[in-house]
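Below are the chains, spelled out letter by letter.
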Amino acid sequence: QVQVVESGGGLVQAGGSLRLSCAASGSGFSTNVTRWYRQAPGKQREWVALLTSGGNKNYADSVKGRFTISRDNAKNTVYLQMNSLKPDDTAVYFCNFRLLGISGTTWDDYWGQGTQVTVSS
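Reading the values: rules and limits
Residues numbered from 1 in each chain as written. Predicted model: local features only at pLDDT ≥ 70, side-chain atom pairs only at ≥ 80, totals over all residues. Heavy atoms only, no water. Helix = DSSP H or I, 4+ residues; strand = E, 2+ residues; numbered from the N terminus. Polar contact = N/O pair within 3.5 Å; in protein donor to acceptor, adjacent residues only side chain to side chain. Disulfide = S-S within 2.5 Å. Buried < 20%, exposed > 50% of the residue type's maximum accessible area, 1.4 Å probe, protein only.

1. Focus: the environment of Gln39
Turning to step 1, where the next piece is worked out: In this structure, Gln39 sits in strand β4 (residues 32-39).
Turning to step 2, where the next piece is worked out: From its side chain, Gln39 meets the backbone oxygen of Lys43 in a polar contact 3.1 Å long.

2. Things to note about the state of the cysteines
Turning to step 1, where the next piece is worked out: As enumerated under the stated definition, the model contains one disulfide in all.
Turning to step 2, where the next piece is worked out: Disulfide pairing places Cys22 opposite Cys95 at an S-S distance of 1.9 Å. Taking the sign of the torsion about the S-S bond as the criterion, the disulfide between Cys22 and Cys95, at about -70°, is left-handed. Residue Cys22 is located in strand β3 (residues 18-24), and its partner Cys95 is located in strand β9 (residues 91-100); the two are separated by 73 residues in the primary sequence.
Turning to step 3, where the next piece is worked out: Exposure remark for Cys95: the relative accessible area of 0% places this residue in the buried category.

By themselves, these figures tell us nothing about what the structure is for.
Right, here's the structure in full:
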């Protein structure tokens, strides 16, 4: 069973930076995709960024140029560096780790508990 733990959230002023971490327990991961989502109060959860095991990255338009997703393979950890933060970035940020199963035909999803990011104006 894979466990996913996010950390790094907090309170920051507009224009500041935070780095979120998403650590997946276990080893021997093959094909996988890590996605960051966020959910602001009263709003639907929205996708923020993704990183594949092959190194492909993609970002939501709202964070492009400000957020950077990266990975430390030795630590099984994916990071989300968030710069030039805005009050609109305030949300609970969730990490989703999707792992291709042994059969190669199904995917298993693992979610973290979320970490709060609050950006003050």
